[in-house]
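Descriptive analysis of the structure
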Amino acid sequence: MILDPLTIPGQPDMLSQLMDYVAFVAAGAGLAEQASYRLSLAVDEIATNIVLHGYQDAGREGDLTIWAEADTEKLTVYLEDSGEPFDPRDAPVPGDLDRPLEERQDGGLGIFLALWGVDEFFYERRGGVNRCVFVVMLNS
């Protein structure tokens with residue numbers, strides 16, 4: 001099953017459309033509720049960072065395009081943008097995870113949780129386009 005792509009403007013108030021898309025494809029693939037939640041969290045975190053840092057902070061405008069493929073083993077969600085190049089896997093892992101919340105530094109936890117929440121994550125940049133790939137196994 002390959003689902004049609006959705007393209008939205010890279011603006012914060014448009015991100016709910018991405019989340020609706022992820023919920024729809026997760027349900028259609030038969031993804032368990034907890035896995036669906038983790039996938040939604042991952043896509044939301046990465047998409048939010050793209051909009052805020054790849055577009056707004058960089059003084060750029062652009063779109064986000066999302067689409068999905070599913071087979072009997074996995075659901076794969078693709079998210080593309082034309083913002084600043086950034087591989088989320090290069091973000092430092094927060095070093096203070098064992099400390100109480102009020103003693104931790106702000107920032108960095110969202111990307112860590114996003115990458116932790118999916119079974120596989122890939123990033124590539126080609127021709128001025130960033131592509132983040134989220135894979136969730138249907139048996140997990």
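This write-up is about the structure you can find in this document.

1. Notes on helix α2 (residues 33-56)
With 24 residues, α2 extends 33 Å from end C-alpha to end C-alpha; this agrees with the ideal 34 Å at 1.5 Å per step. A bend of about 25° at I50 is the largest found in α2.

2. Things to note about the environment of K74
Within the secondary structure layout, K74 lies in strand β3 (residues 74-81). Apart from the residues within four sequence positions on either side, K74 is in contact with E69, V135, V136, M137 and L138.

3. So, the pairing of strand β5 (residues 129-137)
The pairing of β3 with β5 spans eight bridges and is antiparallel. Paired with Y78 across the two strands is V133, which belongs to β5. Between strand β4 (residues 120-126) and β5, which pair antiparallel and follow one another directly, the connecting turn spans two residues, one of which, G127, has a positive phi of 55°.

4. A few points about helix α1 (residues 15-29)
Compared with an ideal rise of 1.5 Å per residue, which puts 15 residues at 21 Å, α1 spans 21 Å between its outermost C-alpha atoms and is within 8% of the ideal. Of all the residues in α1, the buried ones are L15, L18, M19, Y21, V22, V25, A26 and A29. Buried residues of α1, seen end-on, are gathered within an arc of 155° and therefore sit on one face of the element. Every exposed residue of α1 that faces more than 90 degrees away from the buried side is listed here: D20, F24, A27 and G28.

5. Description of the environment of I111
Considering the arrangement of structural elements, one finds I111 in helix α3 (residues 109-116). When the C-alpha atoms of I111 and P88 are compared, they prove to be 6.7 Å apart, with 23 residues separating the residues in sequence. Leaving out residues up to four positions away in the same chain, I111 has contacts with E45, I46, N49, F86, P88 and A91.

6. Details of the sheet that holds strand β1 (residues 2-9)
Reading across the sheet, the five strands line up as β1-β2-β3-β5-β4 and stay open at both edges, with antiparallel pairing between neighbours. Each edge of the open sheet carries a strand with a single partner, namely β1 and β4. The sheet shows a mean angle of 15° between the axes of neighbouring strands, taken without regard to direction. Running at roughly 170° to β1, α1 makes contact with β1, β2 (63-70) and β3 of the sheet. Across the sheet, α2 lies against β2, β3 and β5, angled at about 10° from β3, the strand it touches most.

7. Comments concerning the pattern of salt bridges
A complete count under the given rule lists five salt bridges for this structure. Two residues, D87 and R89, come together in a salt bridge whose shortest N-O distance is 2.7 Å. When the shortest N-O distance is used, the salt bridge between E124 and R126 registers 3.5 Å. On the basis of relative accessibility, which here comes to 61%, the residue R126 falls in the exposed class. Among the ionic contacts, a cluster of salt bridges with common partners joins E80, E124, R126 and R131.

What counts and how
Residues numbered from 1 in each chain as written. Predicted model: local features only at pLDDT ≥ 70, side-chain atom pairs only at ≥ 80, totals over all residues. Heavy atoms only, no water. Helix = DSSP H or I, 4+ residues; strand = E, 2+ residues; numbered from the N terminus. Expected span 1.5 Å × (residues − 1). Bend = angle between axes of the 7 residues up to and from the residue. Contact = heavy atoms within 4.5 Å. Pairing = 2+ DSSP bridges. Buried < 20%, exposed > 50% of the residue type's maximum accessible area, 1.4 Å probe, protein only. Arc of directions from axis to C-beta. Axes fitted to C-alpha atoms, helices over the stretch in contact; angles between N-to-C directions. Salt bridge = Lys/Arg side-chain N within 4 Å of Asp/Glu carboxyl O.

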